[in-house]
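Below are the chains, spelled out letter by letter.
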Protein chains: 2
Amino acid sequence: MSAAGDGTVGKALDVLDLVAAQEKPIRFAELQRMSVLPKATLYRLAQTLVNQGMLVHNPENGTYSLGVRLVRLAHAAWRQASLAPIARRHLDSLSVDTGLTVHLAQMDYGHVLYVDKRNALEPAAMFTDAGKVAPAYCTGVGKAMLAFLDADELDQILGMQSFHRFTPTTLASEAVLRQSLERTRARGFATDREEHEAGVICVAMPILSEEERVLGAVSLTGSTLRTDLKSLEAHIPCLRQCVEAIAEEASHWAFPVEGNETGGRLG
Amino acid sequence: MSAAGDGTVGKALDVLDLVAAQEKPIRFAELQRMSVLPKATLYRLAQTLVNQGMLVHNPENGTYSLGVRLVRLAHAAWRQASLAPIARRHLDSLSVDTGLTVHLAQMDYGHVLYVDKRNALEPAAMFTDAGKVAPAYCTGVGKAMLAFLDADELDQILGMQSFHRFTPTTLASEAVLRQSLERTRARGFATDREEHEAGVICVAMPILSEEERVLGAVSLTGSTLRTDLKSLEAHIPCLRQCVEAIAEEASHWAFPVEGNETGGRLG
DNA sequence: AACGATGTTTCATTATTTGGAACATCAGAA
DNA sequence: TTCTGATGTTCCAAATAATGAAACATCGTT
């Protein structure tokens, strides 16, 4: 996943990723099987990470899991490195006005990273979706962002896509996707016709800075059981208002110090 | 905060913490002023962290902020290292039944770490509270957990407390706090009488494993404008039911592999 | 043009990381 | 019990990677 490891720090973070990829706490022996690092090295790295609170070691059964220090760091990351704090109130009203589920996403090295969510029906838990990643090529928010990237940025990111066919309607090749992106750019919004998950459809619009840089995207999601694309598209004006409001606020936001104009910083 | 840095990795994570502590993206020069590391070392570490996606560098104004990779990692941490996924549905119903704001917290090196929340009134955003830390000695969840720790664990954690007086009712000394903890243990629940924030009161109960180990705590919070402690205490039976349900599920949870009995792993 | 402040690179020195291998610990089988 | 295989922990000389003072570059200001 991450590029060739720079030095010790890179290796340590690779170990962290390995543990993170696991469903359950993991034994040292298992870790060793998955890692290319020699036993002693891996052992010392894990020890260091435990010392630092990034990993937790359960002595009773000798397993490693991610440490709570990460949750703390992530809170800070979410606060200062995502659009979520800015978008907060706008997502609230969009969710209330439409009665639909709302997602806020940003681009993260070729993948879609969900940074916030409003669930109109059930009371929403907190981390359940923020932090999740999804492919860019088959999600509404992903396609909304792709459609408005520079040509070279797009090329780079398309090269990273797997084009796995999740459902019969998945756009499973670069050519087909590029066609779809053109339509998306022309219309100003993207759709997801059960392309990632059967029964789930959505419409999505990008959040664009004043200089037309892609900052993120917002989507309205529905189930095919309760709604259809036509009905979702009826909410496009609401959605447009929302993304424009976020963009506006993001432009004013950009750090007052030094009087610069930069809006979003994302991968 | 974190102990004497082990090696390069420790230093790198210290840099990460420095950036995380900042309200806004930070310049290199500022970073250097706050760090004891020599310029070149600090520079290279920051570079490495950027390479690794842990930091983001905005070239337009030369600022560093936390990277989105952290949000991804935190999602995994939340999933596998916190009680939140287990407690999810129980917090939902507690919130619905009582109509109150619900917090789920765990202990994190002497501090209270909030890992989930239900806000009965407004639609709840996601990271806004999960990941936040608060002192243990003046919060409901903190006192609920402290009251049920082993003597030596308690001693260790009390040594870390600042006993800063946030409000007139803050228990601002170890002696007074210890008295309060005894009452808490006797009653089985803790209260917060505006001890951390004026106008905010709560009742809280610990989540205890079968072996009586403290796994976390759940609280019901209210405003003095709308309610009082007596009314909150009326919900104690609901709260008790909730923490017992979580404890029960946590005990069944503990990793099926290897047939061990361990429940919670926390700092 | 000269200045001060911030950001970036260099390179010989030094300290840290490295990893093969020995050692330790434990559970189950004979 | 003793043996055996698997897992976890420690050692230490060799190799590598981190170090940091200082030089250099870049920019905005006077």
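Before reading on, note that the structure itself is shown above.
Criteria and thresholds
Residues numbered from 1 in each chain as written. Chains lettered and ligands numbered in written order. Predicted model: local features only at pLDDT ≥ 70, side-chain atom pairs only at ≥ 80, totals over all residues. Heavy atoms only, no water. Helix = DSSP H or I, 4+ residues; strand = E, 2+ residues; numbered from the N terminus. Buried < 20%, exposed > 50% of the residue type's maximum accessible area, 1.4 Å probe, protein only. Contact = heavy atoms within 4.5 Å. Areas by Shrake-Rupley, 256 points an atom, 1.4 Å probe, with all protein chains shown as cover. Near = heavy atom within 4 Å. Polar contact = N/O pair within 3.5 Å; in protein donor to acceptor, adjacent residues only side chain to side chain. Salt bridge = Lys/Arg side-chain N within 4 Å of Asp/Glu carboxyl O. Nonpolar A, V, L, I, M, F, W, Y, C, P; charged D, E, K, R; others polar. Pairing = 2+ DSSP bridges. Axes fitted to C-alpha atoms, helices over the stretch in contact; angles between N-to-C directions. Core = buried A, V, L, I, M, F, W, Y, C linked by side-chain atoms within 4.5 Å. Parallel < 35°, antiparallel > 145°, perpendicular 65-115°, else oblique.

Asker: I would appreciate a short explanation of the overall build of chain A in the present structure.
Answerer: In terms of helices and strands, chain A carries ten helices and nine strands. In chain A, which comprises 267 residues, the proportion classed as buried is 57%. Put simply, 57% of the contacts in chain A that link residues at least 6 apart link residues at least 24 apart. Approximately 11,600 Å² of chain A is accessible, and the part contributed by carbon and sulfur atoms is 53%.

Asker: Would you take a moment to explain the protein's contact with DNA strand D for this structure?
Answerer: Neighbouring DNA strand D are 16 residues; A29(A), Y43(A), K11(B), P38(B) and R44(B) lie closest to it. Within 4 Å of the protein, the contacting atoms of DNA strand D are drawn from sugar and phosphate to the extent of 64%. One of the backbone nitrogen or oxygen atoms of A29(A) is found 2.6 Å away from a phosphate oxygen of DNA strand D. One of the side-chain N or O atoms of K39(A) is found 3.0 Å from a base nitrogen in DNA strand D.

Asker: Hey, could you run me through the pattern of salt bridges in this one?
Answerer: When their charged atoms lie close together, side chains carrying opposite charge are able to pair. Going through the model one piece at a time under the given rule, you end up with 16 salt bridges over all chains. Ionic pairing is found between R69(B) and D17(A), a salt bridge with its closest N-O pair at 2.6 Å. Remark: D17(A) occurs in helix α1 (residues 7-21) and R69(B) occurs in helix α4 (residues 69-81); the pair is interchain, linking two chains. Between D92(B) and R118(B) there is a salt bridge, with the nearest N and O atoms lying 2.5 Å from each other. Pair noted here: D92(B) is in helix α5 (residues 84-98) and R118(B) is in strand β5 (residues 111-118), with a separation of 26 residues, a long-range link. Exposure class is identical for D92(B) and R118(B). Each is buried.

Asker: Hey, could you run me through the protein's contact with DNA strand C in this one?
Answerer: Close to DNA strand C lie 17 residues; K11(A), P38(A), R44(A), A29(B) and Y43(B) are nearest. Taken together, the sugar and phosphate atoms account for 64% of what DNA strand C places within 4 Å of the protein. Between DNA strand C and the protein, one listed contact pairs a phosphate oxygen with a side-chain N or O atom of T41(A) at 3.1 Å. Taking T8(B), its main chain carries an N or O atom lying 3.1 Å from a phosphate oxygen of DNA strand C. Mapped by element, the contributors of at least two residues to the surface near DNA strand C are α1 and α3 (39-51) of chain A together with α1 (7-21), α2 (28-34) and α3 (39-51) of chain B. With four residues, the top contributor of residues to the surface near DNA strand C is α3(B). Grouping the amino acids of the surface near DNA strand C by side-chain chemistry returns six nonpolar, six polar and five charged.

Asker: Is there a simple way to explain the sheet that holds strand β1 (residues 26-27) of chain A in this structure?
Answerer: The strands making up a sheet associate through hydrogen bonds between their backbones, and the pairing can be parallel or antiparallel. Residue and element names in this part refer to chain A. Taken together, the three strands give an open sheet; going across it, the order is β1-β3-β2, and neighbouring strands pair in antiparallel fashion. Among the strands making up the open sheet, the edge pair consists of β1 and β2 (55-58). Sheet analysis places β1 next to strand β3 (residues 63-66), joined by two bridges and oriented antiparallel. When the sheet's bridge partners are listed, R27 is paired in β3 with T63. Its contacts with the sheet place α1 against β1, β2 and β3, and it is angled at close to 95° to β3.

Asker: I keep staring at the nonpolar core and nothing clicks. Help me out?
Answerer: Looking at soluble globular proteins, one finds that nonpolar side chains tend to be buried together. Counting residues in hydrophobic clusters, the biggest one holds 109 residues, and the most contacted among them are V218(A) and V218(B). Looking at this core, the element that brings in the most residues is α1(B), giving eight residues.

Asker: What am I meant to see in the sheet that holds strand β6 (residues 133-135) of chain B here?
Answerer: Residues and elements named next belong to chain B. Reading across the sheet, the six strands line up as β6-β5-β4-β9-β8-β7 and stay open at both edges, with antiparallel pairing between neighbours. Unpaired on one side and paired on the other, β6 and β7 (190-193) mark the two borders of the sheet. On average, each strand axis in the sheet is inclined to that of its neighbour by 30°, with strand direction left out of account. The sheet contact formed by strand β8 (residues 200-208) and strand β9 (residues 214-223) spans nine bridges and is antiparallel. Residue pairing in the sheet places C202 in a bridge with T221 of β9. In the packing of α5 onto the sheet, contacts are made with β4 (101-108), β5 and β9, and the angle to β5 comes to roughly 65°.

Asker: For this particular structure, what's the right way to read the packing of α1(A) against α3(A)?
Answerer: If you want to describe how two helices pack, look at the angle between their axes and the distance between the axes. All names here are of chain A. Where α1 contacts α3, the axes come no closer than 10 Å and their chain directions differ by 80°. Compared by their axis directions, α1 and α3 come out roughly perpendicular. Residues T8, K11, A12, V15 and L16 of α1 touch α3, and the partners they reach there are L42, L45 and L49. In terms of residue class, the contact of α1 with α3 is made up of six nonpolar, one polar and one charged.

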